[in-house]
Amino acid sequence: MDIEFGTFVVGLVSDPLLVLIVILNLGVIIVNGATDAPNAITTVVSTRSMKPRKAIMMAACCNFFGLLIISSFNNAVANTIFKMVDFGFGFLKKFIKSF
C-alpha cells in the first residue's frame, strides 16, 4: 500500500475526515514531544549531570532522530493493523486501492 504525496494531498483535499485525522495525529505527536523533553531535561539538569544548554540540545537531537526512526516503522504497523482488522470501512479500502 504505497501512496504518493500527491495522491495523499488529493485525498486530503477531498475528504474532511482525513483532514481531521491528520490534525489529531499531529497534535498527539506535538503533545507527546512537548511532555517528554522537559522531563528528560529536568532530570539531568536537577542532578547536575549536564548543563541546561547541553541538555536542551540533547533533547532536541533525540526528539528529531526519534521521529525519523519511528516514522520508518509507522507505515509497516499501520499496514499490518489495516490488513488484520476489518473496521467495516469498505469504502476506505476501495479508496486506497483506486490509487
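In case you missed it, the structure is sitting above this.
Remember, predicted model here, so these are calculated numbers, not experimental data. (Residues numbered from 1 in each chain as written. Predicted model: local features only at pLDDT ≥ 70, side-chain atom pairs only at ≥ 80, totals over all residues. Heavy atoms only, no water.)

Engineer: Lay out helix α3 (residues 52–84) with the relevant residues and their values.
Structural biologist: Between the first and last C-alpha of α3 there are 46 Å, a value that for 33 residues agrees with the 48 Å anticipated at 1.5 Å per step. The principal kink in α3, of about 30°, is found at F73. (Helix = DSSP H or I, 4+ residues; strand = E, 2+ residues; numbered from the N terminus. Expected span 1.5 Å × (residues − 1). Bend = angle between axes of the 7 residues up to and from the residue.)

Engineer: Give a detailed account of the packing of aromatic side chains, specifying residues and quantitative values.
Structural biologist: Evaluated as defined, the whole model comprises one aromatic pair. Relative to F65, the ring of F64 lies with its centre 5.4 Å away and its plane at 70°, an arrangement referred to as edge-to-face. Exposure remark for F64: the relative accessible area of 48% places this residue in the partly exposed category. On the accessibility criterion, F65 (49% relative accessible area) is partly exposed. (Phe/Tyr/Trp six-rings, centres within 6.5 Å; stacked < 30°, edge-to-face > 60°. Buried < 20%, exposed > 50% of the residue type's maximum accessible area, 1.4 Å probe, protein only.)

Engineer: With reference to specific residues and values, describe the nonpolar core.
Structural biologist: Nonpolar side chains tend toward joint burial in soluble globular proteins. In this structure, A37, I41, V44, A55 and A59 together form the largest nonpolar core, which totals five residues. Residue assignment for this core shows that the elements contributing at least two residues are α2 (16–46) and α3. In terms of residues, this core owes the most to one element, α2, which gives three residues. (Core = buried A, V, L, I, M, F, W, Y, C linked by side-chain atoms within 4.5 Å.)

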